[in-house]
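# Breakdown of the fold
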Amino acid sequence: MAEKLRIYGGTHLHGVVTVNGGKNAALAIIPAVLLAGEPCTIENLPNVNDINALEDILQSLGAIVSRTENSMTIDPRRINSTVVSEAFASRLRASYYFVGAMLGVYGKADVALPGGCAIGARPIDQHIKGFEALGATVSTDDGHIVADANGGLVGSEIYLDMPSVGATINIMLAAASAKGNTTIVNVAKEPHIVDLANFLNAMGGWVKGAGTDTIRIRGGRPMHGCTYAIIPDQIETGTLMIAAAATRGDVLIRGALPTHMEALTAKLLEMGAKVDEGIGEDSIRVRAEGVLRHVNIKTQPYPGFPTDLQQPMSALLSTAKGTSVINETLFENRHRHLDELRKMGGISSVEDNRRIATIEGVPALHGASVTATDLRAGAALVIAGLMADGITDIYDIKYIDRGYEHLEQKLCALGAIIERMSADE
Ligand code: EPZ
């Protein structure tokens, strides 16, 4: 049954909230369990639909999976298939990480092309280039990525044309099983790349340099099972920080790593919000009052401003004083939520082949019926609904449920008034 969120806007968020483990870290680490060849337990998992989709893929391959709300134990020993059908793969982007993992461990993979948020073209040429450099043959005919290791992968030197998160992860997964040494240059530096490297090392792998531009891997080492806890979710943390500022609230976010948040923190400070890092604990406190100033944002790979937070930021900027410009450099179709914000009274225009959005601050947003077009668009609309006068109904919240665990419950615990109800009501 389709559901919607009904937000009664105008409340200020106050109190303490704890972030979940990182969705995008978990999406890389769960397929990596195949490399262990033994059971692994992954803790601090967010309980979101993208994780359910990965669980279904693992079970379809023959893995034994047991789950609590925030942990998963995966036994890969009974895996008897290297095929992921379209019905499973199209549910999320990260299904393609099974290509890297299975290619290395089983020597072949046949995974239907991935789904994921429709935010632009999202090519996979860098993934394929990496697999081929390791000695695989790869084709993408008939909507499937079909890869064959030709008797075994061999370590190589790989230069990425851009620091792609997905390609970095997929090549790390394959290279960890390849014979010999691999060097990957111009890699992504996102916190979840470091988390994956730490997980591979916890299983007995040898991965150095994660978090810098170059990752070095000594492949083919014997791996073993382990228990591993995922890092906090950087994007959920940022979403809550923006929501606190947007509602002119005062929120302490626990379990958050301030060093992962520097680009957002800098922008919130520039706008006139107050951001304090916890002393002696992993926490961030965000406070704001009165009118906030406009800022310009350019999305960039980590440690630049994350593309995943520009949409939530655009809701906050809708009522900032002055004109803000958001330059989305990574994805070509990530301003569609601005059409929905316009229904709430936001003023914006998008130019330069859909990349550059100009937002004119207005005194207030007003409640309206709006539709989420992707995960972070949904988060932006929730923030806009919290800021708006009156009632906002958000449809297609399946996108929000893909990546945020109990978002409305967390916000309600901070004083928001949000109901989840049938979309037909
Ligand atoms: C990951 O997507 C995240 N998804 C995205 O989060 C996030 O927005 C993105 O990284 C950037 O941080 C997951 O981790 C599952 P990329 P990914 O490869 O890996 C181009 C969310 O909301 N490119 O780093 O697909 C690509 O077109 C989601 O949680 C190629 O040209 O992103 C883009 O312009 C949405 N060829 C740029 O690189 C390739 O082979 C960065 O994409 C690969 C990428």
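Residues numbered from 1 in each chain as written. Predicted model: local features only at pLDDT ≥ 70, side-chain atom pairs only at ≥ 80, totals over all residues. Heavy atoms only, no water.

Turning next to the pattern of salt bridges. Oppositely charged side chains can form a pair if their charged atoms are brought close together. Taken as a whole and assessed by the stated rule, the structure comprises 20 salt bridges. In this structure, the salt-bridge partner of R67 is E55, at a minimum N-O distance of 2.5 Å. Placement of the pair is R67 in strand 4 (residues 64-68) and E55 in helix 2 (residues 49-61), with a sequence separation of twelve residues. Residue R67 is classed as partly exposed on the basis of its relative accessible area of 25%. A relative accessible area of 15% means that E55 is categorised as buried. Bridged by salt links that share partners, the residues E3, D401, E408 and R420 form one connected network. (Salt bridge = Lys/Arg side-chain N within 4 Å of Asp/Glu carboxyl O. Helix = DSSP H or I, 4+ residues; strand = E, 2+ residues; numbered from the N terminus. Buried < 20%, exposed > 50% of the residue type's maximum accessible area, 1.4 Å probe, protein only.)

The next subject is the site of the ligand. Close to the ligand lie 24 residues, the nearest being S164, V165, D308, L330 and R376. Between R122 and the ligand, the recorded distance is 3.0 Å, taken from a side-chain N or O atom to an oxygen atom. One of the side-chain nitrogen or oxygen atoms of D308 is found 2.5 Å away from an oxygen atom of the ligand. Bound to the protein, the ligand loses 90% of the 830 Å² it would expose on its own. At the level of secondary structure, the elements contributing two or more residues to the shell around the ligand comprise helix 1 (23-32), helix 5 (125-133), helix 6 (165-175), helix 10 (307-317) and helix 12 (375-387). Split by domain, the residues of the shell around the ligand number at least three in each of domain 1 (3-20 + 232-422) and domain 2 (23-229). (Near = heavy atom within 4 Å. Polar contact = N/O pair within 3.5 Å; in protein donor to acceptor, adjacent residues only side chain to side chain. Areas by Shrake-Rupley, 256 points an atom, 1.4 Å probe, with all protein chains shown as cover. Domains from an automatic or database assignment.)

Attention shifts here to the packing of aromatic side chains. Within the structure shown, the criterion is met by two aromatic pairs. Look at F199 and Y228: their rings are 5.3 Å apart centre to centre, the planes differ by 65 degrees, and that puts the pair in the edge-to-face class. You can see F199 sitting in helix 7 (residues 191-202) and its partner Y228 sitting in strand 14 (residues 227-229), a full 29 residues away along the chain. The exposure class assigned to F199 is buried, which follows from its relative accessible area of 0%. (Phe/Tyr/Trp six-rings, centres within 6.5 Å; stacked < 30°, edge-to-face > 60°.)

As a further point, take the side chain of H127. Tracing the chain through its elements places H127 in helix 5. What makes H127 buried here is its relative accessible area of 4%. Of note is the side chain of H127, whose polar atom sits 3.1 Å from the side chain of N170. Discounting residues that sit within four places of it in the chain, H127 has contacts with Y96, S164, G166, A167, N170 and I171. (Contact = heavy atoms within 4.5 Å.)

Here the focus is the packing of helix 1 against helix 2. Axis separation between helix 1 and helix 2 bottoms out at 10 Å; the angle between their running directions is 5 degrees. In terms of axis orientation, helix 1 runs roughly parallel to helix 2. Contact residues: K23, A26, L27, I30 and P31 in helix 1; D50, I51, L54 and L58 in helix 2. Each residue belonging to the contact of helix 1 with helix 2 can be placed in one class, and the counts come to seven nonpolar, no polar and two charged. (Axes fitted to C-alpha atoms, helices over the stretch in contact; angles between N-to-C directions. Parallel < 35°, antiparallel > 145°, perpendicular 65-115°, else oblique. Nonpolar A, V, L, I, M, F, W, Y, C, P; charged D, E, K, R; others polar.)

A few words on the environment of I171. Summarising the element assignment, I171 is placed in helix 6. Residue class for I171 comes out buried when judged on its relative accessible area of 0%. Taking the C-alpha atoms as reference points, I171 and I158, separated by 13 residues in sequence, lie 9.0 Å from one another. Beyond its immediate stretch of four places on either side in the chain, I171 contacts Q126, H127, G130, L134, I158, L160 and I184.

Where strand 3 (residues 40-43) lies against strand 5 (residues 71-75), four bridges are found, and the strand directions are antiparallel. Bridge pairing links C40 to I74 in strand 5. The pairing of strand 3 with strand 14 spans three bridges and is classified as parallel. Note that in strand 14 the partner of T41 across the bridge is T227. (Pairing = 2+ DSSP bridges.)

Next up on the list: the sheet that holds strand 2 (residues 14-18). Taken in spatial order, the four strands make up an open sheet running 2-15-17-16, and their pairing is mixed. Whereas interior strands pair on both sides, the edge strands pair on one side only; in this sheet they are strand 2 and strand 16 (274-277). For this sheet the average axis-to-axis angle between neighbouring strands, irrespective of direction, equals 15 degrees. In this sheet, strand 15 (residues 250-254) lies alongside strand 2 in parallel orientation, the contact comprising five bridges.

Let's shift gears to the sheet that holds strand 18 (residues 297-298). A sheet is described by the order of its strands in space; here four strands give the open sequence 18-19-21-20, paired in mixed fashion. Pairing within the sheet leaves two strands with one partner each, and these edge strands are strand 18 and strand 20 (347-351). Note: strand 18 against strand 19 (residues 323-327), two bridges, orientation parallel. Bridge pairing links K298 to N327 in strand 19. In the packing of helix 10 onto the sheet, contacts are made with strand 18, strand 19 and strand 21 (356-360), and the angle to strand 19 comes to roughly 170 degrees.

Attention now moves to helix 1. Of all the ten residues making up helix 1, nine are buried; the element is thus mostly covered by neighbouring parts of the structure. Residues of helix 1 that are buried include every one of K23, A25, A26, L27, A28, I29, I30, P31 and A32, and no others.

This brings us to the domain arrangement of the chain. For the chain, the assigned domains are domain 1 (3-20 + 232-422) and domain 2 (23-229). For domain 1 versus domain 2, the separation of C-alpha centres amounts to 30 Å. Listed as interface residues are 22 residues of domain 1 and, on the opposing side, 25 residues of domain 2. Looking at the side of domain 1 facing domain 2, the largest losses of area belong to Y302, R402 and E405, adding up to 35% of the total buried there. Summed over the shared surface of domain 1 and domain 2, the result is one salt bridge. Salt-bridge contacts for D50 lead to R402; the nearest nitrogen and oxygen are separated by 3.1 Å. Seen at the junction of domain 1 and domain 2, the total is eight residue pairs in polar contact (both at pLDDT 80 or more). Every element with two or more residues in the side of domain 1 that touches domain 2 is listed here: helix 12 and helix 13 (398-403). The dominant element in the side of domain 1 that touches domain 2, judged by the number of residues it contributes, is helix 13, at three residues. A class-by-class count of the residues in the side of domain 1 that touches domain 2 yields six nonpolar, six polar and ten charged. (Buried area = accessible area lost by both parts, 1.4 Å probe.)

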